[in-house]
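The chain contents come next:
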Amino acid sequence: MSKKPLISVLMPNYNTEKYLNEAIESILNQTYENFEFIILDDCSTDNSWKIIQEYAKKDKRINIFRNEKNLGRPKTYNKLLSMISNESFFFFFMGSDDVVKENMMDIKLNYFNNFKEIDGIGNSIEYVDENLNFIKKREYPLTNLDIRKNFLIFNPISQGGMCLKSKLKNETFNEKYKVCLDYEIWTRLIDKGHTFENLKESLYLYRQQHEQAKQKNLKMTLVNTVKIKSKYLFRPQYFSINAFLRFNLEILLLMLPKKLILWVFYKTL
């Protein structure tokens, strides 16, 4: 097992005691076994930290840490990036309330081995409810060319299950963004010429957020999406009519009531 490439799993956590066992177990039950599992708790106020400590006692691949004070998502994500082993071949972020399919690491490693020029490999995702009941599947553009064509129309990459070569661990998240962290970094990496592809298989189960939480963040998501797109949209190499129309539609959406914005969001998932 030691001769196989090391994979780094990065799990930020904050108050997800209800789902934490399922998330951790889905990593420990992977068919691929040579990984480091780094869990960073952001000062949870529930029983999360106790659960994390119990798992760390049982499996030496789990390395656990806890922030001295609550740092929020961007800083916690960047702190996790700094903890990746120098021996790591690729890494991915794991939501502490989500689940990955048991062969995900094996599939991604085989793909990297067959397509060595690719810097990141994503996948389709399945939206599930609190009890992991299927809601819908979301697919993404498969090829690097299609990802580049669409990245200013919609987010063509899901953070859930996106595996990145460890050479990208120094490409940190922009801490000015509380939401749209993933979209901001994908656009930046695409602009730098990094190559990504997505698999058609749905290897990641994403728990649908509660409607109340979605309403709270949706307006900020739209604001940040417009802000991110405006950096690239009018560059000659990226400009397209479809991207321009979508950009203006999102500006118009900002003028609508939150409930109506939420309805449009779910219809376009």
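Residues numbered from 1 in each chain as written. Predicted model: local features only at pLDDT ≥ 70, side-chain atom pairs only at ≥ 80, totals over all residues. Heavy atoms only, no water.

Per an unreviewed UniProt entry, the protein goes by the name Glycosyltransferase involved in cell wall biosynthesis and belongs to Methanococcus maripaludis.

## Some words on the domain arrangement of the protein
Domain assignment breaks the protein into domain 1 (7-209) and domain 2 (213-267). Spacing between the C-alpha centres of domain 1 and domain 2 amounts to 24 Å. One can count one salt bridge joining domain 1 with domain 2. Here R235 makes a salt bridge to D191, at a shortest N to O gap of 3.1 Å. The tally of links between domain 1 and domain 2 comes to five residue pairs in polar contact (both at pLDDT 80 or more). (Domains from an automatic or database assignment. Salt bridge = Lys/Arg side-chain N within 4 Å of Asp/Glu carboxyl O. Polar contact = N/O pair within 3.5 Å; in protein donor to acceptor, adjacent residues only side chain to side chain.)

## Digging into the packing of aromatic side chains
Applying the stated rule across the entire model yields 17 aromatic pairs. Centre to centre, the rings of Y77 and F93 are 4.9 Å apart; their planes meet at 25°, and the pair counts as stacked. You can see Y77 sitting in helix 3 (residues 73-81) and its partner F93 sitting in strand 4 (residues 88-93), a full 16 residues away along the chain. A residue is classified by how much of its surface remains accessible, and Y77, at 9% relative accessible area, is buried. (Phe/Tyr/Trp six-rings, centres within 6.5 Å; stacked < 30°, edge-to-face > 60°. Helix = DSSP H or I, 4+ residues; strand = E, 2+ residues; numbered from the N terminus. Buried < 20%, exposed > 50% of the residue type's maximum accessible area, 1.4 Å probe, protein only.)

## What about the side chain of S85?
Within the secondary structure layout, S85 lies in the loop between helix 3 and strand 4. Classification of S85 as buried rests on a relative accessible area of 16%. Polar contacts involving the side chain of S85 include one to the side chain of E87, which spans 2.8 Å. If near-sequence neighbours (up to four positions away) are discounted, S85 is found in contact with L6, S8, E36 and K169. (Contact = heavy atoms within 4.5 Å.)

## Quick notes on the packing of helix 1 (residues 17-28) against helix 2 (residues 48-58)
The contact between helix 1 and helix 2 brings their axes to 9 Å, and the two run at 25°. The angle between helix 1 and helix 2 places the two elements in the roughly parallel class. The handedness of the crossing between helix 1 and helix 2 comes out as right-handed. Residue-level inspection shows E17, L20, N21, I24, E25 and L28 of helix 1 in contact with helix 2, the latter providing S48, I51, I52 and Y55. Tallied by class, residues from the contact of helix 1 with helix 2 come to six nonpolar, two polar and two charged. (Axes fitted to C-alpha atoms, helices over the stretch in contact; angles between N-to-C directions. Parallel < 35°, antiparallel > 145°, perpendicular 65-115°, else oblique. Left-handed = near helix turned anticlockwise from the far one by under 90°. Nonpolar A, V, L, I, M, F, W, Y, C, P; charged D, E, K, R; others polar.)

## Structural notes on empty space enclosed by the protein
Using the criterion set out here, one finds one cavity of 30 Å³ or more in the structure. In this structure, the largest cavity spans a volume of roughly 110 Å³. Contributing to the lining of the largest cavity are 13 residues, with F91, F93, L164, F173 and W186 lying nearest its centre. Sorting the residues of the lining of the largest cavity by element identifies strand 4 and helix 6 (181-191) as the ones contributing at least two each. Broken down by class, the residue content of the lining of the largest cavity amounts to eleven nonpolar, one polar and one charged. (1 Å grid on protein atoms, 1.4 Å probe; cavity = no way out; pocket = protein on both sides within 12 Å on 5 of 7 lines; lining within 4 Å. Points joined across faces, edges and corners; volume = space filled by probe spheres on them.)

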